[in-house]
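For reference, the chains in residue letters:
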Amino acid sequence: QVQFVESGGGLVQVGGSLRLSCAASTNTFIVRTSPMAWYRQAPGKQRELVASITSGGSATYGDSVKGRFTISRDNTKKTCDLQMDNLKPEDTAVYYCNQPYRDTVLHSWGQGTQVTVSS
């Protein structure tokens, strides 16, 4: 099992930036050969896919974050980052990382990292 730890969240004003980091503790082979993704869940809302990236670095973004967020990965360090720019209140949520598989994920959810965007 791959264990993920999310970090980098915090409180920022509208238009601000944050960089989230996801670190994988085990199972290097899976991490290096599988897609990685960032998800978020706001209170009372369903968890949604924010961005994903293949092992080769091909990225896909949700419509609401295109042009504002950038996902990246370092297969050697087993990390996956999410650079968030021009943050909006709608971005407020707990952010999680995982490995997507069809419409679900391969591993258990971590505790996530809270992102709060305030005016």
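Above this text sits the structure in question.
Residues numbered from 1 in each chain as written. Predicted model: local features only at pLDDT ≥ 70, side-chain atom pairs only at ≥ 80, totals over all residues. Heavy atoms only, no water.

Q: Would you mind going over the state of the cysteines with me for this structure?
A: This structure, assessed with the given rule, holds one disulfide. Summary of cysteine pairing: Cys80 is not part of a disulfide, and the nearest cysteine sulfur, belonging to Cys22, is at 5.9 Å. (Disulfide = S-S within 2.5 Å.)

Q: Can you walk me through the environment of Thr33 in this structure?
A: Structurally, Thr33 is set in helix 1 (residues 28-33). Relative accessible area serves as the criterion here: at 45%, Thr33 is assigned to the partly exposed category. Expressed as a C-alpha distance, the spacing of Thr33 and Asn75, which sit 42 residues apart in the sequence, is 8.8 Å. (Helix = DSSP H or I, 4+ residues; strand = E, 2+ residues; numbered from the N terminus. Buried < 20%, exposed > 50% of the residue type's maximum accessible area, 1.4 Å probe, protein only.)

Q: Explain the sheet that holds strand 7 (residues 69-74) to me, please; I cannot follow it from the model alone.
A: The pairing of strands in a sheet comes from backbone hydrogen bonds and takes either a parallel or an antiparallel form. Here four strands make up an open sheet; going across it, the order is 1-3-8-7 and the pairing antiparallel. Among the strands making up the open sheet, the edge pair consists of strand 1 (4-7) and strand 7. Across this sheet, the average inter-strand angle for adjacent strands is 15 degrees, counted without regard to direction. (Pairing = 2+ DSSP bridges. Axes fitted to C-alpha atoms, helices over the stretch in contact; angles between N-to-C directions.)

Q: Would you take a moment to explain the nonpolar core for this structure?
A: One recurring pattern in soluble globular proteins is that nonpolar side chains are buried together. Counting 24 residues, the largest nonpolar core has Trp38, Val50, Phe69, Leu82, Met84 and Tyr95 as its most contacted members. Where this core is concerned, the elements lending two or more residues are strand 3 (18-24), strand 4 (36-41), strand 5 (48-53), strand 7, strand 8 (79-84), strand 9 (93-98) and strand 12 (113-118). Top element by residues in this core is strand 3. It accounts for four residues. Non-local contacts of Tyr95, meaning those with residues more than four positions away in its chain, are made with Glu6, Leu20, Trp38, Tyr39, Arg40, Val50, Phe69, Leu82, Met84, Gly112, Thr113 and Val115. (Core = buried A, V, L, I, M, F, W, Y, C linked by side-chain atoms within 4.5 Å. Contact = heavy atoms within 4.5 Å.)

Q: Looking at this structure, I do not really get the pattern of salt bridges. What am I missing?
A: Side chains that differ in sign of charge can pair as their charged atoms come close. The final tally for this structure, using the stated rule, is five salt bridges. Between Asp91 and Arg40 there is a salt bridge; the shortest N-O distance is 2.8 Å. Of the two residues, Asp91 sits in the loop between strand 8 and strand 9 while Arg40 sits in strand 4, which places them 51 residues apart along the sequence. Given the relative accessible area of 0%, Asp91 is considered buried. Lys66 serves as the salt-bridge partner of Asp63, at 3.0 Å between the closest nitrogen and oxygen. (Salt bridge = Lys/Arg side-chain N within 4 Å of Asp/Glu carboxyl O.)

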